[in-house]
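Spelled out, the chains give:
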Amino acid sequence: MTTTLAIEGGKPLREKMLLFGAPYFGQEEYDEVLDTLKSGWISTGPKTKKFEDEFAAYVGAKYAVALNSCTAGLHLSLVVSGIGPGDEVIVPTLTFGATANVVEHVGAHPVLVDVDATTLTLDANAVARAITPRTKAIVPVHYGGMPADLDALHHIAKQHNVMVIEDAAHAIGAKYKGRTVGSLSPLTNFSFYANKNLSTAEGGMVTTDDADLEHKLRVYHLHGLSRDAWKRYHTKEYSLSEVVVPGFKYNMTDLQASLGIHQLRKQEKFIARREQIASFYDEAFSEMDGLVWTPPRPRDGLSRNVLHLYPILIDVTRLTVNRNRIISALLAENIGASMHFNPLHMMPYYRETYGYKPNDFPNAQRVGEREISLPIQPQITDHDAQDVVDAVKKVLGAYHK
Ligand SMILES: *Cc1c(COP(=O)(O)O)cnc(C)c1O
């Protein structure tokens, strides 16, 4: 029996689109937002403070500063680390544009490095080779929620006296050798963008154990003012607040924090459900004769991939069409598939500015040509997950050589 693919005029496998990465809110979030709206204090205030405190406790960091995005956090991290013109910052080529763009914002140069073929996170050996006297920081990305090899990266950083600034946009709740991401490096940045594991529509958090860095983050995140509005409001005695540095406008609002507080409290439940869905996918795709590579999990019993993404790599050499056509075919079946990432060395700006070639980074290149991200948000049902598997099998079956 052959079934005509929806993209070729057949009937879609599902009637309704299964969205990719849709956020998952409940009554707790609705009530909290309403409470904030009625409270008279909607921008940075008591709920932002509460979210910061609970977040710091969850990841095991001394300090957490809430921001309006992870990109803002990455930018601030470079600023408070004193990184500027002439400096180099090591970034994996397999990441979102923001990771490298912020390096350009401070006038420094991102130096792209390949990822490990198995974990898809920074290859520590390649990092060691990319270090120069101008290197000031290494920015590991926990791709898809898989913790990067932080011991190896911290070792290199210590040897060369450079900062480690984590891009943990995918990694809230991720663990590395028993410790939670956010408590391991001098600065760690989280994203609460619409489709991230914890969503506040837009938002971010930077964590640190260093009081001096925390102070600088506070000052720079809100115009470079000596004290923020909530603190001014709560001091009975009036005093002027002063601009001490030309800071940015990167603060989180209490409306966002209202979502964040409850999303944070639900994370462990969310992660457990992501693990269930991932195990179901692992099992289903293991039967496909190597046509589909499934994402790794740490095997030390102490580390945890929080499965922000479920990235599969398809063996395009055994297919009659390329990866983009496969994604289009899945979308036509009403499966919200996506891809992460077209590597930065393939992006016009970085390619042309630094003269990168496609095969400079073979592991990332391979991901860029073969990767498909499948829906794995915690609210999808077992039935939805079965539809995803059936659609992948239907499409790959139809395009098999
Ligand atoms: C989403 C993402 C960011 C940016 O997060 P924002 O909160 O949207 O600024 C940075 N890095 C990676 C790897 C991301 O996936």
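Q: Is there a simple way to think about the pairing of strand β5 (residues 163-167) in this case?
A: The side chains of a regular strand alternate, first on one face of the sheet and then on the other. Within β5, five of the five residues are buried, which leaves the element mostly enclosed by the surrounding structure. Judged by which residues are buried, β5 turns out to be covered on both faces: M163, I165 and D167 on one side and V164 and E166 on the other are all buried. As paired elements, strand β4 (residues 135-138) and β5 share two bridges and run parallel to each other. Looking at β5, one finds that I138 is bridged to V164. In this view, the connection linking β4 to its parallel neighbour β5 by way of helix α6 (residues 150-160) has right-handed handedness. Pairing analysis gives three bridges linking β5 to strand β8 (residues 187-191), with the strands arranged parallel.

Q: Got a minute to help me understand the sheet that holds β5 in this structure?
A: Within a sheet, each strand pairs with its neighbour through backbone hydrogen bonds, oriented either parallel or antiparallel. Overall, mixed pairing links the seven strands, which are arranged β1-β9-β8-β5-β4-β2-β3 in an open sheet. On the outer flanks of this sheet lie β1 (63-67) and β3 (109-113), each paired with one strand and no other. This sheet shows a mean twist of 25 degrees between the axes of neighbouring strands, independent of strand direction. By the bridge criterion, three bridges tie strand β2 (residues 88-92) to β4 in an arrangement that is parallel. By the bridge assignment, V89 is partnered in β4 with A137. Its contacts with the sheet place helix α2 (residues 46-59) against β1, β8 and β9 (204-208), and it is angled at close to 130 degrees to β1.

Q: Looking at this structure, how should I read the nonpolar core?
A: Nonpolar side chains tend toward joint burial in soluble globular proteins. L78, I83, V89, V91, L94, I165 and L187 are the most contacted members of the largest nonpolar core, which totals 41 residues. At the level of elements, β1, α3 (70-80), β2, α4 (97-105), β5, α7 (211-221) and α13 (362-370) are the ones that each hand at least two residues to this core. Here this core gathers at least three residues from each of two domains, domain 1 (6-23 + 267-398) and domain 2 (27-265). If we skip the residues at most four places from it in the chain, I83 touches L78, V89, V106, A108, K136, A137 and I165. Listed in part, the 33 residues of the second largest apolar core include Y310, I380, V392 and L396.

Q: When you look at the domain arrangement of the protein chain in this model, what are you seeing that I'm missing?
A: Accessible area lost during the coming together of the parts is what is often quoted as the interface size. Domain boundaries in the protein chain define domain 1 (6-23 + 267-398) and domain 2 (27-265). Taken over C-alpha atoms, the centre of domain 1 sits 27 Å from the centre of domain 2. Interface area, domain 1 with domain 2, both sides summed: about 3,400 Å², of which 57% is carbon and sulfur. Broken down residue by residue, the surface that domain 1 buries against domain 2 is led by Q267, H308 and F341, which jointly contribute 22%. Summed over the shared surface of domain 1 and domain 2, the number is zero salt bridges. Between the two partners, domain 1 and domain 2, sit 27 residue pairs in polar contact (both at pLDDT 80 or more). Of all elements in the fold, only α10 (267-286), α12 (348-354) and α13 reach the threshold of two or more residues within the side of domain 1 that touches domain 2. Ranked by the residues each element gives to the side of domain 1 that touches domain 2, the list is headed by α10, at five residues.

Q: I tried to follow the site of the ligand on my own but got confused; where do I start?
A: Lining the immediate surroundings of the ligand are 14 residues, of which T71, D167, H170, S191 and K196 lie closest. In the environment of the ligand, an oxygen atom lies 2.5 Å from a nitrogen or oxygen atom belonging to the side chain of T71. Measuring from an oxygen atom of the ligand, one finds a side-chain N or O atom of H170 at 2.7 Å. Look at the ligand: alone it shows 380 Å² of surface, and the protein chains cover 92% of it. Class assignment for the residues of the shell around the ligand results in five nonpolar, seven polar and two charged.

Q: I would appreciate a short explanation of empty space enclosed by the protein in the present structure.
A: Vacant regions in the atomic arrangement are exposed by a probe of water-molecule size rolled over the atoms. Enumeration over the complete set of coordinates arrives at three cavities of 30 Å³ or more. The volume enclosed by the largest cavity comes to roughly 140 Å³. Lining of the largest cavity is provided by 19 residues; of these, A22, N195, K196, R274 and Q377 occupy positions nearest its centre. Space inside the second largest cavity adds up to approximately 60 Å³. Around the second largest cavity, the lining residues are T119, L120, Y143, G144, M146, W293, P295, P296, N305, L307, L309 and P311.

Thresholds applied
Residues numbered from 1 in each chain as written. Predicted model: local features only at pLDDT ≥ 70, side-chain atom pairs only at ≥ 80, totals over all residues. Heavy atoms only, no water. Buried < 20%, exposed > 50% of the residue type's maximum accessible area, 1.4 Å probe, protein only. Helix = DSSP H or I, 4+ residues; strand = E, 2+ residues; numbered from the N terminus. Pairing = 2+ DSSP bridges. Right-handed = clockwise from strand over helix to strand, strands pointing away. Axes fitted to C-alpha atoms, helices over the stretch in contact; angles between N-to-C directions. Contact = heavy atoms within 4.5 Å. Core = buried A, V, L, I, M, F, W, Y, C linked by side-chain atoms within 4.5 Å. Domains from an automatic or database assignment. Buried area = accessible area lost by both parts, 1.4 Å probe. Salt bridge = Lys/Arg side-chain N within 4 Å of Asp/Glu carboxyl O. Polar contact = N/O pair within 3.5 Å; in protein donor to acceptor, adjacent residues only side chain to side chain. Near = heavy atom within 4 Å. Areas by Shrake-Rupley, 256 points an atom, 1.4 Å probe, with all protein chains shown as cover. Nonpolar A, V, L, I, M, F, W, Y, C, P; charged D, E, K, R; others polar. 1 Å grid on protein atoms, 1.4 Å probe; cavity = no way out; pocket = protein on both sides within 12 Å on 5 of 7 lines; lining within 4 Å. Points joined across faces, edges and corners; volume = space filled by probe spheres on them.

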